[in-house]
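Working through the structure, step by step
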Amino acid sequence: MSFTLAVVGRPNVGKSTLFNRLVGKRLALVDDQPGVTRDLREGDARLGDLRFVVIDSAGLELAEDDSLQGRMRRLTERAVEEADVCLFLIDARMGVTPADEIFADILRRKNAHVILAANKAEGSAGDAGALEAWSLGLGEPLRISAEHGEGLDDLYTVLKPLADEFAEKNAANTPEVDVEIEEGSEEEGVYQAPTKLKPLQLAVIGRPNAGKSTLINKILGEDRLLTGPEAGITRDAISVTTEFMGTPMRIWDTAGMRKRGKINDKLEKLSVADGLRAVRFAEVVVVLLDVNIPFETQDLRIADFAETEGRAVVVAANKWDLEEDKPEKLKELREAFERLLPQLKGAPLVTVSAKTGKGLDRLHNAIMKAHQVWNRRISTAKLNQWLSAMTEAHPPPAPGGRRIKLRYMTQAKTRPPGFVIMATHTDKIPESYGRYLVNGLRNDFDMPGTPIRIYFRDQGSKNPYKDRKKSIPSRLKKHVDARKHEARKGKPASRPE
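So, here's what we can say about the structure. If you're wondering where the values come from, they're calculated on a predicted model, not measured in any experiment.

1. Details of the overall build of the protein
The helix and strand tally for the protein stands at 13 helices and 16 strands. Within the protein, the proportion of its 497 residues that are buried is 50%. Excluding contacts between residues fewer than 6 apart, the proportion of contacts in the protein whose partners are at least 24 apart in sequence is 71%. When the accessible surface of the protein is split by element, carbon and sulfur atoms take 48% of a total near 25300 Å².

Right, dumping it as structure tokens:
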């Protein structure tokens, strides 16, 4: 993806329709009723040979107060500031309204790259509005029809020169995962701390109203994300770039994830899918719990999904300031965590208060520790010494009398750590023995909580010298040559003394 395009404008001018057209899917909810889009939605767009991120925003309202409309407007204005290019849509059939003039003035101040487009300009009904758009002072308006796909070639012509300019800037937003290591490497990797060019990618996930957006706003030190007492305000996966206690991070806020049976609204179904997609963009995932109702079934599924995707996991219990008996509650949380999530054994469990900001230092330390473990690299020599000790302490089983031999081990990947073990009869190795090795790796190499992958490769009983040519001693070489010569003539050769 080379750049980010934010689509903004008054309510009901066709922003979500254009968004769906650019991403090639019906991701954003479209309706004749204005104000359907509340938050920001990102999608991977393609236009000809251009690949970019498009952001669908809430309709710009004139509200300035703390009402829902006012908060939506402030959120859209921040999206304009952070996007590389801003596409300002007006309704060509309605012409330029006083609200359009106000928003055009805002855009001139906030974003250097503004493209003006008159939507719904198909046919002659939009001629007057398209001509009137010149008065906004944002250059030549593009005549497009998001509904019918008209005018997108003109949009391509305008965007093409900007693509290379932003390509390098946004390359850092894609995390590296499943990084392969050269086989047989004896070097232990040195941890590379996040930088501004390669920030740590963090996703915050959890059930509705757990306080995800409030927590991120506290980390940012400003009310950048839409919050409120209503559950489910956040509808889309939203990312912001910041420094969390000196560490450059890109933080994804996601929609609350409820049980599948309780999701009836089609918009919420899209939101949950968007949140799951954000996990794949992350390196570390913070599973945020409500301390009053922790570890419900959906919390466990969310944490298990993050582990399955191979992401480092940190569990944070929010609203800790409301808890009265803190020591007893913390003991209950740890016991429940170890019992219900054995696959994340040793993962950090921290208590925070998104409202007051207490515990953010503990959260930061847990995130950094999880990121370091996720990048851990162990030398082949140490791994094979460890494997020998583990098999001596607890040998593999011998199903059907066939002894399983674990011959050799090396680390094949990091982010998350992945190991390859050459063995015999790999199809007979029980899962319990694999868990025994994973837990041993966690304990002996200080890798708590992070997903660990072990792959068994069947070496079989193959003789490594089978295909090698046998060398012949010089004292016998003359006799062997003579036997070959006599054999060709049909005469027996004498045996050497």
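Still more to cover.
2. As for helix H6 (residues 212–220)
Counted residue by residue, H6 has seven buried out of nine residues, so it is predominantly covered. Lys212, Ser213, Leu215, Ile216, Asn217, Ile219 and Leu220 are the residues of H6 that are buried.

3. Let's talk about the packing of aromatic side chains
Remark: the centre distance and the inter-plane angle together describe each pair of aromatic rings, the angle taken between the planes. Counted by the stated rule, this structure contains five aromatic pairs. With a centroid separation of 4.8 Å and 10 degrees between ring planes, the pair formed by Phe3 and Phe52 is classed as stacked. Of this pair, Phe3 sits in the segment before strand E1 (4–9) while Phe52 sits in strand E3 (residues 50–56), and the two are 49 residues apart along the sequence. As far as burial versus exposure is concerned, Phe3 and Phe52 are alike and both buried.

4. Examining a negative patch on the surface
The grouping of Glu324, Asp325, Glu328 and Glu332 at the surface amounts to a negative patch. The residue Asp325 is located in the loop between strand E12 (312–318) and helix H9 (326–340) in this model.

5. Examining the pairing of strand E2 (residues 41–47)
Burial runs high along E2: five of the seven residues are buried. When E2 meets E3, the two strands line up antiparallel, connected through seven bridges. Bridging across to E3, Arg46 finds its partner in Arg51. Between the antiparallel neighbours E2 and E3 lie two residues, among them Gly48 with a positive phi of about 65 degrees.

6. Things to note about the side chain of Asp290
Here Asp290 is to be found in strand E11 (residues 284–290). Leaving out residues up to four positions away in the same chain, Asp290 has contacts with Arg207, Asn318 and Lys319.

7. Description of helix H11 (residues 380–393)
A rise of 1.5 Å per residue sets the reference length of H11, with its 14 residues, at 20 Å; its end C-alpha atoms lie 20 Å apart and thus fit the reference within 8%. Here H11 has its buried residues at Thr380, Leu383, Trp386, Leu387, Met390 and Thr391. Projected down its long axis, H11 shows its buried positions confined to an angular sector of 130 degrees, all on one face. Exposed positions of H11 whose direction lies more than 90 degrees from the buried face are Gln385, Glu392 and Ala393.

8. So, the pattern of salt bridges
Here the structure, examined in full by the defined rule, presents twelve salt bridges. Lys160 is the salt-bridge partner of Asp49, the closest N and O atoms lying 3.2 Å from each other. Note that Asp49 is positioned in the loop between E2 and E3 and Lys160 in helix H5 (residues 152–170), a separation of 111 residues in sequence. The exposure class of Lys160 is partly exposed, given its relative accessible area of 36%. A salt bridge links Glu283 to Arg415; the shortest N-O distance between them is 2.5 Å. In this pair, Glu283 is assigned in the loop between helix H7 (266–281) and E11 and Arg415 in the loop between strand E14 (406–414) and strand E15 (418–423), connecting sequence segments 132 residues apart. Judged by relative accessible area, which is 11%, Arg415 ranks as buried.

9. Topic: the sheet that holds E15
Read from one edge of the open sheet, four strands run E7-E14-E15-E16, paired in mixed fashion. Every other strand in the sheet has two partners, leaving strand E7 (179–180) and strand E16 (453–458) as the edge strands with one partner each. Direction of pairing for E15 relative to E16: parallel, over a ladder of six bridges. Bridging across to E16, Ala423 finds its partner in Asp458.

10. Side note on the packing of H11 against helix H12 (residues 431–444)
Running from amino to carboxyl end, H11 crosses H12 at an angle of 125 degrees, the nearest separation of the two axes being 11 Å. It follows that H11 is oblique to H12 by the angle criterion. Here H11 and H12 pass one another in a crossing that is right-handed. Listed contacts from H12 to Leu383, Trp386, Met390, Thr391 and Ala393 of H11 are Tyr433, Tyr436, Leu437, Gly440, Leu441 and Asp444. Taken together, the residues of the contact of H11 with H12 break down into eight nonpolar, two polar and one charged.

11. Here we look at the environment of Glu140
Within the secondary structure layout, Glu140 lies in the loop between helix H4 (127–132) and strand E6 (142–143). Classification of Glu140 by relative accessible area gives exposed; the value is 59%. As for Glu140 and Ala130, which are separated by ten residues in sequence, their C-alpha atoms are 9.4 Å apart. Residues within four places of Glu140 in sequence aside, it is in contact with Leu116 and Trp134.

Rules used in this analysis
Every chain begins its residue count from 1, and numbering advances along the sequence as written. Two thresholds apply to this predicted model, a pLDDT of at least 70 for residue-level local features and 80 or more for giving and counting side-chain atom pairs, whereas whole-chain, interface and lining totals are computed over all residues. Computation of side-chain values covers all heavy atoms of the structure but excludes hydrogens and water. Note on conventions: DSSP H or I runs of at least 4 residues are helices, E runs of at least 2 residues are strands, and numbering of each starts at the N terminus. Exposure categories follow from relative accessible area, calculated using a 1.4 Å probe and restricted to protein chains: below 20% of the type maximum is buried, above 50% is exposed, and the middle band is partly exposed. It only takes one pair of heavy atoms within 4.5 Å for two residues to be counted as in contact. All accessible areas in this document rest on Shrake-Rupley with a 1.4 Å probe, and a residue is counted as covered only by the protein chains that are shown. Geometry of aromatic contacts follows a simple scheme: Phe, Tyr and Trp rings, the Trp one being its six-membered ring, pair when their centres are within 6.5 Å, and the pair is stacked under 30 degrees between planes, edge-to-face over 60, tilted otherwise. The residues that make up patches have over 30% relative accessible area and no salt bridge, and they are joined within 9 Å when like-charged or within 5 Å when they are Val, Leu, Ile, Met, Phe, Trp or Tyr. For salt bridges, the criterion is a side-chain nitrogen of Lys or Arg within 4 Å of an Asp or Glu carboxyl oxygen. Asp and Glu are treated as the negative residues and Lys and Arg as the positive ones, with His and the ends of the chain left uncounted. In plain terms, the charge of a residue is placed at NZ if it is Lys, CZ if Arg, CG if Asp and CD if Glu. Whether two strands pair comes down to DSSP finding at least two bridges between them. Here a helix's expected span is defined as the number of its residues, less one, multiplied by 1.5 Å. Think of the arc as the fan of directions from the helix axis to the C-beta atoms. An axis is simply a line fitted to the C-alpha atoms; with a helix, the fit covers only the stretch in contact. Between two such axes, the angle follows the N-to-C directions and lies from 0 to 180 degrees. Orientation labels follow simple angle bins: below 35 degrees gives roughly parallel, above 145 gives roughly antiparallel, 65 to 115 gives roughly perpendicular, and whatever is left gives oblique. By convention, the crossing between two helices is left-handed when the near helix turns anticlockwise from the far helix through less than a right angle, and right-handed when the turn is clockwise. All residues other than Ala, Val, Leu, Ile, Met, Phe, Trp, Tyr, Cys, Pro, Asp, Glu, Lys and Arg, Gly among them, are scored as polar; the first ten of these are nonpolar and the last four charged.

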